[in-house]
Every structure is written in structure tokens, then in C-alpha cells.
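# Structural features, examined
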Amino acid sequence: MGDLLHGAGYLRRGWSFVRARPRLLLLGMLPALIVFAVLGSGFVLLLLNVGDVAAWATPFADDWAGLLRSLVRVLLALAVLVGALMLSSALFVGLTLTLGDPFYERIWRATEASFGGPVPDHGVGFWRSLRDALRLVVVGLGFSVLVLLSGLVPVVGPVAGIVLGVVFSGRLLARELLGRPLGARGLDDAGQRAAASSHRSTVLGFGIATQVCFLVPLGGVLVMPAAVAGATILAREELQIG
């Protein structure tokens, strides 16, 4: 638990870094805001119709007692919404990091420069960023389906699915955010996995904290610049790649 909280602290440190540099903060929020506006409209549409979706998916509950039927459908609706949030979060991060790459590169470089010494110039590249974004979306879709299916298990299913979804998507999110500071030093996928595995709980704590913030409306827009800076600090200090 201590390592998880320690990892979450890197998001706070990233926020402190960009808050002290308002231009970088606003720069990082711009692509996030554009992507959020597009994805947010789709989520609002789902939110307005989630009751009908839950009723359609549970015809077997039509003859149940009113209270039990309502409980099952409310929990399923919650699972649907959380699953959609998981998928939206994966889409948000993937699209934002790819489309806003020049913006986040400036934040990453400024964070690296704050430690002193030369800034690594081994660029990640657009196609690598696009590939990582697609992988994030595919895995995020898998987690969303897992959460949705768990919602069909009465009572405990939605809760377990939501918790597992947040944990697994947080881990994936942390790996994606660490991709630039690790990849800039020439680490391939295997090298990045090995570096992250050496401090698994700390990396997971950072990812979960970031993921939870992304589930809050407009949280991703505010947190994205801080997450980029926090991941850079985490990579340098914990993974000892400085």
C-alpha cells in the first residue's frame, strides 16, 4: 500500500510542476480539451439511454420482484457506464498523446531539463506513438467488455469488474505515459516492461491515481499535462534512467 501511495504521489508532483508553469499547463490542456469534447458527446448520449440498455440486456429479470429487478439493472447500468468510461479513457489517452504529441513533447522536455544535464533526443516518433495508441485502445476495449460482462453477475459482479477495470487500465495507462521518457532513451518494449516491473507497485499506484482522475468529468483535461510530467519524474527517479 505504501508503494501504491508513493506512486500516486508522482501525479501530485507532476501537477506541482505544470502548475508553476501556466503556459505549459494550458498548452497541454488544449489537445486534451478537443478530444474530450468529441468523446464526451458520445458518453452523454449513452448516459441518456443507459437505462434502456440495461433493461434490454436483462430480459430474464422482467418477472423478478421490483426491488431486486431495479437493483440488478442499476448495477448493470453502472457497469456499462464504467466500462464506457474505461474505453473512453483509453481512447482519450491514445488520441490525445498522438494528436498532441508536439505539445506533450514540450512538457516532457521541460520536465527533463528541470533535472539538469542533457535532454535525451531519441524521439519516439509519430508512427510509434500511433502504434502505442492503437494498442492502448484495443486493450481498453477488452477491459470495457470485461466490466460489461461482469455486470451480468448479480450484485458482486459489477463491483468486482469496476475494481479490476480500474486496476488493469491504470497499469496500462502508466505504461503508456512512461513510454516517452523510456523510449527516448532507446528502450524497446521489452526494456520498458523490465524497467516498469522493477517497481511494479509504484508504477501501478501512479496509473491508478491517474485513471481515477480521468473518470471524473474534465479530470482528464486538467490532469493530462500533470500525468506527462509525473511520468517523466517517475521514470527518472524510480526507474533510475537519469
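## Focus: the packing of aromatic side chains
The full count for this structure, using the stated rule, is one aromatic pair. Taking 5.5 Å as the distance between ring centres and 80° as the angle between the ring planes, the aromatic pair formed by F92 and F214 counts as edge-to-face. Here F92, found in helix 3 (residues 66-99), pairs with F214, found in helix 8 (residues 200-214); they are 122 residues apart in sequence, far enough to count as distant. Judged by relative accessible area, which is 6%, F92 ranks as buried. A cation sits over an aromatic face here: R180 above W108, 5.5 Å from the ring centre.

## Some points on helix 2 (residues 22-57)
Two residues of an α-helix separated by three or four positions point the same way, owing to the 3.6 residues in each turn. N49 marks where helix 2 bends most, by close to 60°. All of the buried residues in helix 2 are L24, L25, L27, G28, M29, P31, A32, V35, L39, G40, V50 and A54. Check the buried side of helix 2 and you find it contacts helix 1 (2-19), helix 3, helix 4 (101-113) and helix 9 (219-237).

## Let's talk about the packing of helix 3 against helix 4
Two elements in contact, helix 3 and helix 4, have axes whose closest approach is 5 Å; the angle formed by their N-to-C orientations is 85°. Classified by the angle their axes make, helix 3 and helix 4 are roughly perpendicular. From helix 3, T96, L97, T98 and L99 reach across to helix 4, where they touch D101, P102 and Y104. Counted by class, the contact of helix 3 with helix 4 contains four nonpolar, two polar and one charged residues.

## Side note on the pattern of salt bridges
Enumeration according to the criterion identifies four salt bridges in this entry. Between E237 and R13 there is a salt bridge, with its nearest N and O atoms 2.7 Å apart. Taken as a pair, E237 in helix 9 and R13 in helix 1 lie far apart in primary sequence, 224 residues in all. For E237, a relative accessible area of 33% puts it in the partly exposed group.

## A few points about the confidence of the model for the protein chain
Scored by pLDDT, the protein chain comes out at a mean of 80, with 85% of its residues at no less than 70. Across the protein chain, the element-wise mean pLDDT spans from 68 in helix 5 (residues 126-150) up to 91 in helix 1.

Cut-offs used in this document
- Residue numbers here run from 1 along each chain, matching the order of that chain's written sequence.
- Only residues with pLDDT of at least 70 are given local features in this predicted model, and only at 80 or more are side-chain atom pairs given and counted; all residues enter the totals for whole chains, interfaces and linings.
- Values shown for side chains rest on all heavy atoms present in the structure; no hydrogens or waters enter the calculation.
- Two rings from Phe, Tyr or Trp (for Trp, the six-membered ring) form a pair when their centres are within 6.5 Å of each other. A pair whose planes differ by under 30 degrees is stacked, one over 60 is edge-to-face, and the rest are tilted.
- Helix numbers and strand numbers start at the N terminus; a helix is a DSSP run of H or I with at least 4 residues, a strand a run of E with at least 2.
- Relative accessibility thresholds used throughout: buried, under 20% of the residue-type maximum; exposed, over 50%; partly exposed, between the two (1.4 Å probe, protein chains only).
- In this scheme, the term charge over a ring applies when either NZ of a lysine or CZ of an arginine sits within 6 Å of the ring centre and within 35 degrees of the ring normal.
- The reported bend at a residue is simply the angle between two axes, fitted to the 7 residues ending at it and to the 7 residues beginning with it.
- Contact definition: two residues touch when any of their heavy atoms are within 4.5 Å.
- Here an axis means a line fitted to C-alpha atoms, over the contact stretch when the element is a helix, while the angle between two N-to-C directions is reported on a 0 to 180 degree scale.
- Angle categories: roughly parallel below 35 degrees, roughly antiparallel above 145, roughly perpendicular from 65 to 115, and oblique for all the rest.
- For this classification, the nonpolar set comprises Ala, Val, Leu, Ile, Met, Phe, Trp, Tyr, Cys and Pro, the charged set comprises Asp, Glu, Lys and Arg, and every other residue, Gly included, is treated as polar.
- The salt bridge definition used is simple: a Lys or Arg side-chain nitrogen within 4 Å of an Asp or Glu carboxyl oxygen.
- The predictor attaches a confidence to each residue, called pLDDT, with possible values from 0 through 100.

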